[in-house]
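Here is how the chains run, residue by residue.
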Amino acid sequence: MAFVEELEAPGVAKKKDTTGATLAGFRPAEDLIIPDVKDVVESSTGHHHPHGSDPVSDNTMVLNMGPQHPSTHGVLRLVLEVDGETVISCAPDIGYLHTGIEKTCEAKFYAQVTPMTDRIDYLCPMTNNTAYALAVEKLLELEIPERAQYLRVLFNELTRIQSHLVWLGTHAMDIGALTVFLYCFREREDILRIFEAVSGQRMMTSYVRIGGIALEPPLDIYKRIREFLRIFPSKIEEYEGLLNANPIWMGRLKGVGYLSPENAIALGVTGPPLRASGIDFDVRRDMPYSGYEKFKFNVPVSTVGDVWARYIVRMQEMRESVKICLQALDGMPEGRIVAYAPKIILPDREQMKTQMESLIHHFKIVTEGFQVPTGEVTSSVEAPHGMMNYYVVSDGTAKPYRVHMRNPDFATLQALETMCKGQLIADVVAVIGSIDIVLGAIDR
Amino acid sequence: MPDPITNPSTPTAIFGKDAVAEALADHAAIRGLAPLITDAKWDRKELTLTVDPSNIIAAMQAAQAAGYNFFEDATAVDWYPTEPRFQISYSILSISIKQRIRIVARLSSDSPRIDSITSVWPSANFYEREIFDLFGVQFSGHPRLTRIMMPDNWEGHPLRKDYPVEGYR
């Protein structure tokens, strides 16, 4: 565990416990529950006094923000009740991007679901693919070759850097630092080119498949990744040079959007916001998957719990991701990239064209899919935004009976009101940026 | 006794309440929830505990007291036309002992209703609204049970198995 720069917010008691173990019996207050739009509208009319009786409290106002507001990162609509500029209550209205992916999955073969998982949290397609593949592999009880595991780790961490770059750029742009956005997207472009080289797609990669990964990476890819990892730490310093000592950046972030560790657990917050609130939990280290137990990295934790702490934690996470990527490149074993399961994994093209049996397998997998033993499993990965779970239920046929995604953004959004209450409207923008939401993941 | 989860001699699949309770006697969830469990399953290194729907709040409080302090997820599975039709699956995590359990309750299709657990974990709020929206399961005691994904005037519950994936309803 590594505590990053301790910057104590005034009046905030330091929490010693970092596991949340002693918080088990904590009974949350009723007002942690985030209201619905109707609650906000009704409570605001309740605050109106008869005309002229109390001019000060007569002026709460219901304000609609979004769904097209650029600082809501997509199509998040917020209904705020404000007293002057102070937020009294805040209700998110979601569902604008609901496409029924969970329902669509039930009508597809297991392998056909993979491209749909890309489109859920569209900033971390590799992580989505990995979470889904892990769940189905658990149902099939497939052993994945070590090389495929290392490649998964490598691309998961590159995805984390890529997602954090989008977060940093848009977060800074919301606060008014436009330059950072351009620099972040410059480096993100390098990663997207790497993704394009390995999978043929910049964003919707579908590279991690059930049983391994889709394709053998091109010969020069490790050199390109190493080149990127060599220059990237200096780029992180460049961003920090633009932001860390910037008085506007500090003034807008420090002491804003405080979330206590008890409330973070009660509201289901995971990932960097949870660690910024002082709970030392990371799925990669604590419940390792895909061979993460072989990698050495620190989990940045802060006890401050404000927007600034989330910024510091994510910046440190990018540095740790670089370390993990380098370890994956150094330790990359030789071997297959897919498990040996000819009835589940498509044969490579050459085998298919030359061997009768492979041709039959290919035909059967494409036309009929493959049957998965009955059962229900949960896989869990540490996505850039937090803990992402896939719950897959099989009834023994070739199509999943139920696929459910637990996306970190959906739960984290419930903490929005707790973080924004009593603060200014401008701080709501900073808080939304700090929890790093993707509406595709929330609405599914 | 070694940890049953990491111990390779633990069988990969155990079904039935008594068999699971015997094989995983040291498991924190088995100890904490023992009187409430009606059925149990240990499959692919995952523990699934079935409880009676009327005891769901008590089960959640028992899980919380046993150290499972983090509510991850709640969702439903529609086993149409089997009865009891709806399976509500709660995924609960312990951050300190780094374990995950699944608590399951089965509801019949005539007026599916279960108590809301938002008083135990406020984070269940959105998940229960989602289940209500997409499966039509009612949650008693939920502060504001409204549709969350679909429009307010939508008819039907899309994730039910008798709701078609494509074509006309």
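This text goes with the structure placed above it.
Since the structure is predicted, the reported quantities are computational estimates derived from the model, not experimental observations.

### Describing the sheet that holds strand β8 (residues 375-383) of chain A
All names here are of chain A.
Inference 1: Ordered in space as β8-β9-β10, the three strands form an open sheet in which the pairing is antiparallel. Two strands bound the open sheet, and with one partner strand each, they are β8 and β10 (402-406). Neighbour-to-neighbour, the strand axes of the sheet open up by a mean angle of 15°, direction not taken into account.

### Some words on unusual backbone geometry
Glycine aside, the phi torsion of most residues is negative, and most peptide linkages are trans.
Residues and elements named next belong to chain B.
Inference 1: With omega at 5°, the peptide bond leading from Tyr80 into Pro81 counts as cis.
Inference 2: Structurally, the position occupied by Pro81 is in the loop between β4 (70-78) and β5 (86-94).
Inference 3: The peptide bond linking Glu83 to Pro84 adopts the cis configuration, its omega dihedral lying at -10°.
Inference 4: One can find Pro84 in the loop between β4 and β5.
Inference 5: In this structure, Arg44 is a non-glycine residue whose phi angle is positive, near 50°.
Inference 6: Within the secondary structure layout, Arg44 lies in the loop between β2 (37-43) and β3 (46-51).
Inference 7: Backbone geometry at Ser111 places phi at a positive 45°, although glycine is not the residue there.

### Thoughts on the packing of helix α5 (residues 146-175) of chain A against helix α7 (residues 221-243) of chain A
Residues and elements named next belong to chain A.
Inference 1: Between α5 and α7, the shortest axis-to-axis distance is 13 Å and the interhelical angle comes to 30°. With respect to their mutual orientation, α5 and α7 come out roughly parallel. As for the relative orientation of α5 and α7, their crossing is left-handed in sense. Mapping the contact onto sequence places Arg147, Leu151, Leu154, Phe155, Leu158, Ile161, Leu165 and Leu168 in α5 and Tyr222, Ile225, Phe228, Leu229, Phe232, Tyr239 and Leu243 in α7.
Inference 2: For the contact of α5 with α7, the residue count by class is 14 nonpolar, no polar and one charged.

### Observations concerning the packing of aromatic side chains
Inference 1: As enumerated under the stated definition, the model contains 19 aromatic pairs over all chains in all.
Inference 2: When the ring of A:Tyr150 is compared with that of A:Phe295, the centres are 5.1 Å apart and the planes differ by 50°; the resulting orientation is tilted. Here A:Phe295 lies in the loop between α11 (283-286) and β7 (300-301) and A:Tyr150 lies in helix α5, a separation of 145 residues in the sequence.
Inference 3: Judged by relative accessible area, which is 7%, A:Phe295 ranks as buried.
Inference 4: The rings of A:Tyr150, A:Tyr289, A:Tyr292, A:Phe295 and A:Phe297 are connected pair by pair, giving a single aromatic cluster.
Inference 5: Note that A:Arg314 overlies the ring of A:Trp167, its terminal NZ or CZ placed 4.8 Å from the centroid.
Inference 6: One cation-aromatic arrangement involves B:Lys161 over A:Tyr401; the distance from NZ or CZ to the ring centre is 3.9 Å.

### Describing the sheet that holds β2(B)
Residues and elements named next belong to chain B.
Inference 1: Overall, mixed pairing links the six strands, which are arranged β1-β2-β3-β6-β5-β4 in an open sheet. The open sheet has two free edges, formed respectively by β1 (13-15) and β4, since each of these has just one partner strand. The average undirected angle you get between the axes of adjacent strands in this sheet is 20°.
Inference 2: Bridge count for β5 against strand β6 (residues 99-107) is nine bridges, and the pairing is antiparallel. From the neighbouring strand, Phe86 faces β6, where its bridge partner is Leu107.
Inference 3: Packed on one face of the sheet, helix α3 (residues 56-65) meets β3, β5 and β6 and runs near 175° to β6.
Inference 4: Contacts from helix α4 (residues 124-135) reach β4 and β5 within the one sheet, and its direction differs from that of β4 by about 5°.

### A word on the interface of chain A and chain B
Inference 1: Facing the 63 residues of chain A at the interface are 57 residues of chain B.
Inference 2: The junction of chain A with chain B conceals about 4900 Å² of combined surface from both sides, 56% of it contributed by carbon and sulfur atoms.
Inference 3: The tally of links between chain A and chain B comes to five salt bridges.
Inference 4: One salt bridge connects A:Lys138 with B:Glu46, and the closest N-O pair in it is separated by 2.6 Å.
Inference 5: At the junction of chain A with chain B, the criterion picks out 27 residue pairs in polar contact (both at pLDDT 80 or more).
Inference 6: Among the residues making up the side of chain A that touches chain B, the classes are represented as 30 nonpolar, 15 polar and 18 charged.

Conventions and cut-offs
- Residues numbered from 1 in each chain as written.
- Chains lettered and ligands numbered in written order.
- Predicted model: local features only at pLDDT ≥ 70, side-chain atom pairs only at ≥ 80, totals over all residues.
- Heavy atoms only, no water.
- Pairing = 2+ DSSP bridges.
- Helix = DSSP H or I, 4+ residues; strand = E, 2+ residues; numbered from the N terminus.
- Axes fitted to C-alpha atoms, helices over the stretch in contact; angles between N-to-C directions.
- Parallel < 35°, antiparallel > 145°, perpendicular 65-115°, else oblique.
- Left-handed = near helix turned anticlockwise from the far one by under 90°.
- Contact = heavy atoms within 4.5 Å.
- Nonpolar A, V, L, I, M, F, W, Y, C, P; charged D, E, K, R; others polar.
- Phe/Tyr/Trp six-rings, centres within 6.5 Å; stacked < 30°, edge-to-face > 60°.
- Buried < 20%, exposed > 50% of the residue type's maximum accessible area, 1.4 Å probe, protein only.
- Lys NZ or Arg CZ within 6 Å of the ring centre and 35° of its normal.
- Buried area = accessible area lost by both parts, 1.4 Å probe.
- Salt bridge = Lys/Arg side-chain N within 4 Å of Asp/Glu carboxyl O.
- Polar contact = N/O pair within 3.5 Å; in protein donor to acceptor, adjacent residues only side chain to side chain.

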